[in-house]
Amino acid sequence: MLDSSGDGLRRMSRDLRAAASVLRDAKNIRVVTHIDADGITAGAIADMTLERMGKDHTVDFEKKITDEVIRSVNSWDGDVVWICDLGSGYLSEFDRDGLVITDHHVPDPKWRGRQMRLDSFGGLQHLNPHSYGYDGSFEVCGAGMTYLLSKELDPSNTDLAHLAVVGAVGDFQDSNHRRLVSLNRTILTDAVATGDVEIDDDLRYFGRDTRPINQYLQYSSDPVIPGLSDNPRGCLEFLDSLGIPAKEGSHWRTWSSLSEAERERASDRISELLGPESDQAFGEMYRITRYDRQTGLGDAKEFATVLNSCGRYDDAPTGLRVCHGDVDALRVAEENRAEHRKHISAALSYVRENHLLRERRFIQWFDAGSRIRETVVGIVAGMMLTSGDCRRNLPIIAFADSDDGVKVSARAGRDLVDRGLDLSSVMKTAAGLVGGFGGGHTVAAGATIPPERKEEFLDIVEDLVSSQLERRSRHPDGLSLA
Ligand code: C5P
Ligand code: C5P
Ligand code: ZN
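The present account deals with the structure reproduced in this document. All values derive from a computational prediction rather than experimental measurement. (Residues numbered from 1 in each chain as written. Chains lettered and ligands numbered in written order. Predicted model: local features only at pLDDT ≥ 70, side-chain atom pairs only at ≥ 80, totals over all residues. Heavy atoms only, no water.)

### Quick notes on the site of ligand 2
Here comes step 1: Not every one of the 16 residues close to ligand 2 is listed here, only the nearest: His-105, Lys-407, Ser-409, Arg-411 and Gly-439.
Here comes step 2: In the model, a nitrogen atom of ligand 2 is placed 3.3 Å from a nitrogen or oxygen of the Tyr-90 side chain.
Here comes step 3: Between ligand 2 and Arg-411, the relevant distance is 2.8 Å, taken from an oxygen atom to a side-chain nitrogen or oxygen of the residue.
Here comes step 4: Starting from 460 Å² of accessible surface for ligand 2 in isolation, the protein chains cover 86%.
Here comes step 5: Where the shell around ligand 2 is concerned, the elements lending two or more residues are strand E13 (405-411), strand E14 (437-440) and strand E15 (444-449).
Here comes step 6: In terms of residue class, the shell around ligand 2 is built from five nonpolar, nine polar and two charged. (Near = heavy atom within 4 Å. Polar contact = N/O pair within 3.5 Å; in protein donor to acceptor, adjacent residues only side chain to side chain. Areas by Shrake-Rupley, 256 points an atom, 1.4 Å probe, with all protein chains shown as cover. Helix = DSSP H or I, 4+ residues; strand = E, 2+ residues; numbered from the N terminus. Nonpolar A, V, L, I, M, F, W, Y, C, P; charged D, E, K, R; others polar.)

Dropping the structure here:
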């Protein structure tokens, strides 16, 4: 985890100072950021930071780094391109002078030799936790790295820390410890100090502020609550047996709207139902204090979902406006969220009802064809993995058609990562071998490959997964990955 000598932190501070000075000297800046919740919050932090500095700038959103994006970054004739939540996996492709990257993806291994050359004329400011001894899958996200640079530029930018908290939660950085840790914790502390975030010890299921309480309980997964998950009648009987009214007048109540005594009673009973799994269900939740709960922005997880509902459906600019506190944008975002909910639910049913999930010895996979958006198939794969629909102890690989080939999303449980699995390197290597490209994090990664090479790709992925897991089981004291 944390570099015990403090050397990593010192190097990071030095690099943050250097990147801040490049931005201060720039007359015009083009921000390029990712379309998911982490990318949108990162873009919003960069946008507001530059706005406050009076810098001429634009913000562009990208689904992924493609050859076209690389060409456009390299050939832009302004002073500095600032790439957020993207870029590290493709470092060796950039050759422009004036490039700042605040990202957390596993860096491109080909880049090291080139780094010396780029550094020698100060062209590249690369700020990535992996360079400083931190793991970008849970210690800090793209918005977090962007925030650290924003704070370096002006210490009063701590009022943007809550956006980095939303970005981290959007990337599931709190899932492993059921709280934010390490650099994310430092950022959280800033957000708490400004009064923008309150930390609640609570049940960690999704939708505590906006889901009707019966659905909140019914849709609980990871861990599944015996008798309540997937059991609408069981949920109503549960509330009834505890003397908790499910409705107030004609309106369904929410988990957050229960009185403290009601919530405690329900939590105790849920804890009993969960038995030894109870610890997994409770932990920290983050309240974003500047928004009312019913807006769906009052809880970090729900806020992140609002942003994903925009960015993953070609409407990232609305997400950006939401981060700025634009109330009109919230109305549009609300429609986006309803569509997102429908798409996810239809996608899960489609995979289940058509029995698309296939099992191999070391992996499981499904092909959604054109029925699930390429930007959402990863969310669906992750939900399948945690919902009890498939085996927790195998990585899941999902395919969806995309304009430039087939999109691949891969997800795995943290226990497999602890046993040596690194999906980022699996995706990068396997995609490279079939003429595609890929990358990401140890627990969640993706790729784009030519459609006719899916089978071959799966064979390679399976070989790589099995050899990573076998290598570790033969050398149990080998390299520690996280
Ligand atoms: O591109 P970026 O790094 O922002 O995206 C990370 C992705 O990994 C998110 O879509 C997040 O949902 C996923 N993830 C996951 N499980 C984890 C960590 C990340 O599904 N434990
Ligand atoms: O799209 P999906 O949510 O499955 O992506 C999982 C992770 O893999 C994200 O962090 C994404 O940025 C990364 N990824 C990548 N290169 C790709 C596709 C995805 O680095 N070609
Ligand atoms: Zn991210």
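### Some points on the site of ligand 1
Here comes step 1: Contacts to ligand 1 come from 14 residues, most closely from Asp-36, His-104, His-105, Asp-171 and His-441.
Here comes step 2: Contact between ligand 1 and His-105: an oxygen atom at 2.9 Å from a side-chain N or O atom of the residue.
Here comes step 3: Coverage of ligand 1 by the protein amounts to 86% of the 470 Å² it exposes when considered alone.
Here comes step 4: Taken together, the residues that form the shell around ligand 1 break down as three nonpolar, five polar and six charged.

### A closer look at the pairing of strand E9 (residues 282-288)
Here comes step 1: Burial runs high along E9: six of the seven residues are buried.
Here comes step 2: Pairing geometry for strand E6 (residues 197-203) and E9, over seven bridges, is antiparallel. By the bridge assignment, Leu-203 is partnered in E9 with Phe-282. (Buried < 20%, exposed > 50% of the residue type's maximum accessible area, 1.4 Å probe, protein only. Pairing = 2+ DSSP bridges.)

### Focus on the coordination of the zinc ion (ligand 3)
Here comes step 1: Protein-derived ligands of the zinc ion (ligand 3) are Asp-38 (OD), Asp-85 (OD), His-104 (NE2) and Asp-171 (OD), with the metal-ligand distances lying across 2.1 to 2.2 Å.
Here comes step 2: In primary sequence terms, the donor set of the zinc ion (ligand 3) follows D-x46-D-x18-H-x66-D. Note that His-104 is positioned in the loop between strand E4 (99-102) and helix H4 (111-120) and Asp-171 in the loop between helix H6 (161-170) and helix H7 (183-193), a separation of 67 residues in sequence. (Donors = N, O, S within 2.8 Å, 3.2 Å for Na, K, Ca; no water.)

### Overview of the environment of Gly-136
Here comes step 1: Of note, Gly-136 is situated in the loop between strand E5 (124-127) and helix H5 (142-153).
Here comes step 2: Of the residues examined, Gly-136 reaches a relative accessible area of 0% and is grouped as buried.
Here comes step 3: Measuring from C-alpha to C-alpha, the distance between Gly-136 and Gly-440 comes to 9.6 Å, with 304 residues separating the pair along the chain.
Here comes step 4: With sequence-adjacent residues up to four places away left out, Gly-136 is seen in contact with His-104, Pro-129, His-130, Gln-173 and His-441. (Contact = heavy atoms within 4.5 Å.)

### Examining the sheet that holds E15
Here comes step 1: Strand order in the open sheet made by the six strands is E10-E11-E12-E13-E15-E14, with mixed pairing throughout. Looking at which strands have only one partner, the edges of the open sheet turn out to be strand E10 (358-359) and E14.
Here comes step 2: Where strand E12 (residues 396-402) and E13 come together, seven bridges link them in antiparallel fashion. Residue Ile-397 lies in a different strand from E13, and its bridge partner there is Ala-410.
Here comes step 3: Strand contacts of helix H17 (residues 423-433): E12, E13, E14 and E15, with the helix running at about 10° to E15, the strand carrying the most contacts. (Axes fitted to C-alpha atoms, helices over the stretch in contact; angles between N-to-C directions.)

### Comments concerning the packing of H6 against helix H12 (residues 300-311)
The geometry of a pair of packed helices is captured by two quantities: the angle between their axes and the separation between those axes.
Here comes step 1: Running from N to C, H6 and H12 point in directions that differ by 80°, and their axes come no closer than 8 Å. Here H6 lies roughly perpendicular to H12, going by the angle between them. Here H6 contributes Leu-163, Val-165, Val-166, Val-169 and Gly-170 to the contact with H12, which in turn contributes Ala-300, Lys-301, Phe-303, Ala-304 and Leu-307.
Here comes step 2: Partitioning the contact of H6 with H12 into residue classes produces eight nonpolar, one polar and one charged. (Parallel < 35°, antiparallel > 145°, perpendicular 65-115°, else oblique.)

### Overview of the environment of Ser-229
Here comes step 1: Along the polypeptide, Ser-229 turns up in the loop between helix H8 (213-218) and helix H9 (232-241).
Here comes step 2: In this structure Ser-229 comes out as buried when scored by relative accessible area, which is 12%.
Here comes step 3: Between the alpha carbons of Ser-229 and Val-443 there is a distance of 25 Å; along the sequence they are 214 residues apart.
Here comes step 4: Setting aside residues up to four positions removed in sequence, Ser-229 forms contacts with Leu-217, Gln-218, Ser-220 and Val-224.
Here comes step 5: Side-chain polar atoms of Ser-229 contact the side chain of Ser-220, separated by 2.8 Å.
Here comes step 6: At 2.7 Å, the side chain of Ser-229 forms a polar contact with the backbone nitrogen of Ile-225.

### What to know about the pattern of salt bridges
Here comes step 1: Under the defined criterion, the tally for this structure stands at 33 salt bridges.
Here comes step 2: Residues Glu-284 and Arg-185 are paired through a salt bridge, measuring 2.8 Å at the closest nitrogen-oxygen approach. Here the residue Glu-284 occupies a position in strand E9, and Arg-185 occupies one in helix H7, the gap between them amounting to 99 residues.
Here comes step 3: For Glu-284, a relative accessible area of 10% corresponds to the buried category.
Here comes step 4: According to the relative accessible area criterion, Arg-185 is partly exposed, its value standing at 22%.
Here comes step 5: Across the pair Arg-208 and Asp-202 runs a salt bridge whose closest N-O atoms are separated by 3.1 Å. Like Asp-202, Arg-208 is buried.
Here comes step 6: Residues joined by salt bridges that share partners form a network here, namely Lys-63, Lys-64, Glu-374 and Asp-404. (Salt bridge = Lys/Arg side-chain N within 4 Å of Asp/Glu carboxyl O.)

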